[in-house]
Amino acid sequence: TRLWYIIVVTTKDETGKDNEIVVVADSIFYRVNKLYHFFPAAGFAFRITDAYTVKYETANNIVTSAKESKELTTIIVGLKWFPKGINIRETNFALNTPRLSIMVALDVKKPKDNLYLGAGWDMVPGFNVNAGCNFYKYTKYELVSGLLERQQDVYKPAFYVGVTVDPSLFVNALKLFSPSK
């Protein structure tokens, strides 16, 4: 974008008539940064609500079930959507609306078992704090007279909070903690 500085000089001649002289004093060129609407994310999700699975086994015609708690902390990767766009070159801490985002993410270990959908806020571009709903896979068993009649996988909701960063920052952080060769 180019901004022009224009000077208009008005003078009067001997007859009292106004004469205008237009002079272009200077111009400057400045860059407007691109606003990004989609941005990748990687980080950690912490499930607040208790989530569990039930294991069903039949041994010697005896039905046994065990309730197992799911992991509370998982590594996630996903995509953030900024409805108003975000300027990634603006590095100041800010509480403004353009930094609000909607995130969809998956668990790295078991992508089909955990889906994360939430809203977040970038404190600085690339560092996001978010919260929302974790849909985790739950196997539902239907027993009739102690025998398995039907088995169905359903997704149950649980509340989570998370912290995500730009994936390039996340990879560099993981390299810090990996054992050196």
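Note that the coordinates shown come from a computational prediction; the quantities given were computed from them, not determined experimentally.

Rules used in this analysis
Along each chain, residues carry numbers from 1 onward, in the same order as the chain's sequence is written. Totals for whole chains, interfaces and linings use all residues, but because this is a predicted model, local features are given only for residues with pLDDT of at least 70 and pairs of side-chain atoms are given and counted only at 80 or more. No hydrogens and no water enter the side-chain calculation; it runs on all heavy atoms of the structure. Only DSSP runs of H or I covering at least 4 residues are called helices, and only runs of E covering at least 2 are called strands; the numbering of each starts at the N terminus. Burial here depends on accessible area, computed with a 1.4 Å probe over protein chains only, as a share of the maximum for the residue type. Under 20% is buried, over 50% is exposed, and the range in between is partly exposed. Throughout, a residue-residue contact means that at least one pair of heavy atoms, one from each residue, lies within 4.5 Å. All accessible-area figures derive from a Shrake-Rupley calculation using a 1.4 Å probe, and residue coverage is judged against the displayed protein chains alone. A patch consists of residues whose relative accessible area exceeds 30% and which take part in no salt bridge; residues with like charges are grouped when within 9 Å of each other, and nonpolar side chains (Val, Leu, Ile, Met, Phe, Trp, Tyr) when within 5 Å. When a carboxyl oxygen of Asp or Glu lies within 4 Å of a side-chain nitrogen of Lys or Arg, that pair is called a salt bridge. Note on terminology: a nonpolar core comprises buried Ala, Val, Leu, Ile, Met, Phe, Trp, Tyr and Cys residues joined through side-chain atoms within 4.5 Å. Should DSSP find at least two bridges between two strands, the strands are regarded as paired. Fitted lines through C-alpha atoms give the axes, limited to the stretch in contact for helices. The angle between two N-to-C directions lies from 0 to 180 degrees. Only Phe, Tyr and Trp rings are paired, with Trp represented by its six-membered ring, and only when their centres lie within 6.5 Å; those with planes under 30 degrees apart are stacked, over 60 edge-to-face, the remainder tilted. As a reminder, the over-ring test applies to NZ of lysine and CZ of arginine, requiring each to be within 6 Å of the ring centre and within 35 degrees of the ring normal.

## Regarding the overall build of the protein
Turning to step 1, where the next piece is worked out: Across its full length, the protein holds one helix and ten strands.
Turning to step 2, where the next piece is worked out: For the protein, the α and β elements follow one another from N to C terminus as β-β-β-β-β-β-β-β-β-β-α.
Turning to step 3, where the next piece is worked out: Residue burial in the protein is summarised as follows: out of 181 residues, 25% are buried.
Turning to step 4, where the next piece is worked out: Counting contacts in the protein only where the partners sit at least 6 residues apart, residues at least 24 apart contribute 56% of the total.
Turning to step 5, where the next piece is worked out: Taken as a whole, the protein presents about 12,600 Å² of accessible surface, with 61% of it coming from carbon and sulfur.

## Considering a nonpolar patch on the surface
Turning to step 1, where the next piece is worked out: Where nonpolar side chains cluster on the molecular surface, the patch consists of Phe38, Leu79, Trp81, Ile102, Val104, Leu106, Leu115 and Leu117 and spans about 680 Å² of accessible area.
Turning to step 2, where the next piece is worked out: Of all the secondary structure elements, the ones that give two or more residues to the nonpolar patch are β6 (73–86), β7 (100–107) and β8 (114–124).
Turning to step 3, where the next piece is worked out: On the accessibility criterion, Leu115 (34% relative accessible area) is partly exposed.

## Some points on the nonpolar core
Turning to step 1, where the next piece is worked out: Membership of the largest hydrophobic core is limited to seven residues, which are Ala41, Ala45, Ile76, Met103, Ala105, Tyr116 and Tyr160.
Turning to step 2, where the next piece is worked out: Those elements that provide at least two residues to this core are β3 (36–47) and β7.

## A look at the sheet that holds β7
Turning to step 1, where the next piece is worked out: As summarised here, the arrangement of the six strands in space is β3-β6-β7-β8-β9-β10, forming a closed barrel in which the pairing is antiparallel. Pairwise comparison of adjacent strand axes, ignoring direction, gives a mean angle of 30 degrees for this sheet.
Turning to step 2, where the next piece is worked out: As judged from the 18 bridges shared by strand β9 (residues 127–144) and strand β10 (residues 147–165), these two strands associate in the antiparallel manner. Counterpart to Asn130 in the pairing with β10 is Gly162.

## Some points on the pattern of salt bridges
Turning to step 1, where the next piece is worked out: In total, this model carries three salt bridges according to the counting rule given.
Turning to step 2, where the next piece is worked out: Among the salt bridges present, the one from Lys80 reaches Asp122, with a minimum N-O distance of 3.4 Å. Of this pair, Lys80 sits in strand β6 while Asp122 sits in strand β8; the two residues are 42 residues apart in sequence, bridging distant segments of the chain. The same class applies to Lys80 and to Asp122, which are both buried.
Turning to step 3, where the next piece is worked out: Taking the shortest distance from any N to any O, the salt bridge between Asp113 and Lys137 comes out at 3.8 Å. Taken together, the positions of Asp113 in the loop between β7 and β8 and Lys137 in strand β9 put the pair 24 residues apart, joining distant regions of the chain.
Turning to step 4, where the next piece is worked out: In this structure Asp113 comes out as buried when scored by relative accessible area, which is 17%.
Turning to step 5, where the next piece is worked out: Judged by its relative accessible area of 26%, Lys137 is partly exposed.

## Section: the packing of aromatic side chains
Turning to step 1, where the next piece is worked out: The final tally for this structure, using the stated rule, is one aromatic pair.
Turning to step 2, where the next piece is worked out: Geometrically, the ring pair formed by Tyr116 and Tyr160 is edge-to-face, given 5.1 Å between the ring centres and 80 degrees between the ring planes. Of this pair, Tyr116 sits in strand β8 while Tyr160 sits in strand β10; the two residues are 44 residues apart in sequence, bridging distant segments of the chain.
Turning to step 3, where the next piece is worked out: Exposure remark for Tyr116: the relative accessible area of 2% places this residue in the buried category.
Turning to step 4, where the next piece is worked out: Looking at Tyr160, the relative accessible area reads 0%, which means it is buried.
Turning to step 5, where the next piece is worked out: Over the ring of Tyr136 we find Arg47; its NZ or CZ atom is 5.8 Å from the centre of that ring.
Turning to step 6, where the next piece is worked out: Taking NZ or CZ as reference, Lys156 lies 4.0 Å from the ring centre of Tyr138, over its face.

## A word on the environment of Pro98
Turning to step 1, where the next piece is worked out: Relative to the assigned elements, Pro98 resides in the loop between β6 and β7.
Turning to step 2, where the next piece is worked out: On a C-alpha basis, the gap between Pro98 and Asp122 in space is 9.1 Å, while along the polypeptide they are 24 residues apart.
Turning to step 3, where the next piece is worked out: Setting aside chain neighbours within four positions, we find Pro98 in contact with Phe82, Lys84, Gly85 and Ile86.

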